[in-house]
Amino acid sequence: MKVIVAHPERQHSFFTATALEQEGMLFKYITTVYNKQGSLTNLFGKLLKGNDKKKADSRYCSNIPDEKVMQCLEISALISLILIRLPNCKPLYRKWRRFVNHRFAKKVASYAIENNVDAVISYDFCSDELFDILKKEAPHIIRVLDVSISNRAFMKTNYEKDMERTGDDRIKAEQIDLWDEAVIDSVVREIHSADYFLVPSQIVKKSLEFSGADPEKIKIIPYGVDTSKFEFVRKKTVNKPLHLIYVGQISFRKGLHHLLKVVSQYSPDQIKLTVAGAYTADSVFVKEYGNKENIEFAGFVTRDVLAKKYQESDAFIFPTLGEGYGLVVLEALSCGVPVISSDLAGGNDAITEGYNGYVFEAGNDEEMIKKIGQLAALGTDIEKMSENARESALGHTWEKYYSDVRNAIKEFVANK
């Protein structure tokens, strides 16, 4: 069996490729920016320091032999990484990214057809052209869409619901692409051009069905967590003040406007919140809530210290309005930290109400407050919930993910 895994960026593609490589099914992993010897990424990476150096180093997977990694359009993709960091360059970045994805799709399709592979696994929001070409020129090659996040057409409806509920339309400016009909058409087209789907959660499955995907073609395979990196520290009692932590992007999509509004209503001796995630000096969230005594913006936190941040907290809170799975949920559970999650997180699939955390309706501040209160009232009962959290994480291993991915691809090929 010959399978290509292709992604112009990264997402969780290293894990998908690793799953196939372990059983000799990976023909080639195709990407742009990759930190192997002889690459421009490797050359420039040697000049970087600190967190930038760590990010460059993360563009490498030791589980994939270098000879099975094919890079293309590396310079173009490096330009994308520069553009996204420049102020006032978001419109240019979006155009350049579409240009890179367009060229990448053609190269991957050509290579797949030339080598007559059995299947191509590609990823959401960058597969429409690739799948269109394969469907037309090589329909015998199975097209698998690995979907890491709820489809954008579905998320748009959730954002519109939130804008109506809050009267705040700033999420539209942040996610402006979703109000571009061409973008939504592209998203729906890649769904209709795929033969099969790999998804991490029930909410992603629901989002695909929203746009017409056949539920029989969708395989739910939850992601895993490295429980040795996110070590268990048993909680004995709830702290006073209650210490919550959020980890992720500083954005409206993540529901931070709800979380920060809720927490700011409490006094510092009731609740304190740590917000871990990179932000810029002009962040609307920092401007509005940066002076609150009970809210700390910790900035970008590297993986090597993130476990300690979780362990120091009473609960991880994740108010997201649009997600696929949210690996941060599993990381927190692995550390023995109960989770308070929205029902759009994907990772809420791993939460059993009152057992290892709580789930609330996304965007519903009253429900969020209720769940925070329930956790704050646990006292010493949090010890059992902490143990349950760790036990839940132990059932979500990358080894299980690898096995399930391989079995799914074998099934897809057998059914073609």
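Preceding this section is the structure that the text describes.
Residues numbered from 1 in each chain as written. Predicted model: local features only at pLDDT ≥ 70, side-chain atom pairs only at ≥ 80, totals over all residues. Heavy atoms only, no water.

Participant: Would you mind going over the side chain of Thr41 in detail, with residue names and values included?
Facilitator: Its location among the elements puts Thr41 in helix H2 (residues 40–45). In this structure the side chain of Thr41 is engaged in a polar contact, spanning 2.6 Å, whose partner is the side chain of Glu74. Once residues within four sequence positions are removed from consideration, Thr41 is found in contact with Val33, Tyr34, Asn35, Gln71, Glu74 and Leu78. (Helix = DSSP H or I, 4+ residues; strand = E, 2+ residues; numbered from the N terminus. Polar contact = N/O pair within 3.5 Å; in protein donor to acceptor, adjacent residues only side chain to side chain. Contact = heavy atoms within 4.5 Å.)

Participant: Can you explain the environment of Gln11? Please cite residues and give values.
Facilitator: Inspection of the secondary structure assignment puts Gln11 in the loop between strand E1 (3–6) and helix H1 (13–21). Residue contacts for Gln11: discarding those within four places in its chain leaves Tyr123, Asp124 and Ser148. A polar contact is formed between the side chain of Gln11 and the side chain of Asp124, at a distance of 3.4 Å. For Gln11, the side chain forms a polar contact with the side chain of Ser148, separated by 2.2 Å.

Participant: Tell me about a nonpolar patch on the surface, residues and numbers included.
Facilitator: Together, Leu43, Phe44 and Leu47 make up an exposed nonpolar region whose accessible area comes to about 330 Å². Position of Phe44 relative to the elements: it lies in helix H2. Owing to a relative accessible area of 42%, Phe44 belongs among the partly exposed residues under this scheme. (Patch = residues over 30% accessible without salt bridge, like charges linked within 9 Å, V, L, I, M, F, W, Y side chains within 5 Å. Areas by Shrake-Rupley, 256 points an atom, 1.4 Å probe, with all protein chains shown as cover. Salt bridge = Lys/Arg side-chain N within 4 Å of Asp/Glu carboxyl O. Buried < 20%, exposed > 50% of the residue type's maximum accessible area, 1.4 Å probe, protein only.)

Participant: Any chance you could break down helix H10 (residues 202–210) for me, citing the residues and the numbers?
Facilitator: Within an α-helix, residues lying three or four positions from one another point in the same direction, as the helix has 3.6 residues per turn. Within H10, burial applies to Ile203, Val204, Lys205, Ser207 and Leu208. Where H10 is buried, its residues touch helix H7 (152–166), helix H9 (181–193), strand E6 (196–199) and strand E7 (218–220). Of the residues trailing H10, Gly212 is marked for its positive phi of about 100°.

Participant: Could you give an account of the pattern of salt bridges, with specific residues and numbers?
Facilitator: Using the criterion set out here, one finds 24 salt bridges in the structure. Notably, a salt bridge pairs Glu323 with Arg253, separated by 3.5 Å at the nearest N-O pair. With Glu323 in the loop between strand E11 (315–318) and helix H14 (327–334) and Arg253 in the loop between strand E8 (242–247) and helix H11 (256–264), the pair connects residues that are 70 residues apart, well separated along the chain. For the pair shown, Glu323 and Arg253 are each scored as buried. Note that Asp404 is salt-bridged to Lys400, the shortest N-O span being 2.9 Å. In this pair, Asp404 and Lys400 are both assigned in helix H17 (residues 398–415), four residues apart and thus about one turn of the helix distant. The class for Asp404 is partly exposed, based on a relative accessible area of 24%. Classification of Lys400 as partly exposed rests on a relative accessible area of 46%. Connected via shared salt-bridge partners are Arg234, Lys236, Glu383 and Glu387.

Participant: So what's going on with the sheet that holds strand E10 (residues 295–299)? Which residues, and what values?
Facilitator: Strand order in the open sheet formed by six strands is E10-E9-E8-E11-E12-E13, with parallel pairing between adjacent strands. Since the sheet does not close on itself, it has two edges, and those belong to E10 and strand E13 (357–360), each with one partner. Strand-to-strand twist across the sheet, computed as the mean angle between neighbouring axes with direction ignored, equals 20°. Sheet analysis places E8 next to E11, joined by two bridges and oriented parallel. Directly across from Ile245, in E11, lies its bridge partner Phe316. H14 rests against E8, E11 and strand E12 (339–342) of the sheet, and its axis sits at about 170° to E11. (Pairing = 2+ DSSP bridges. Axes fitted to C-alpha atoms, helices over the stretch in contact; angles between N-to-C directions.)

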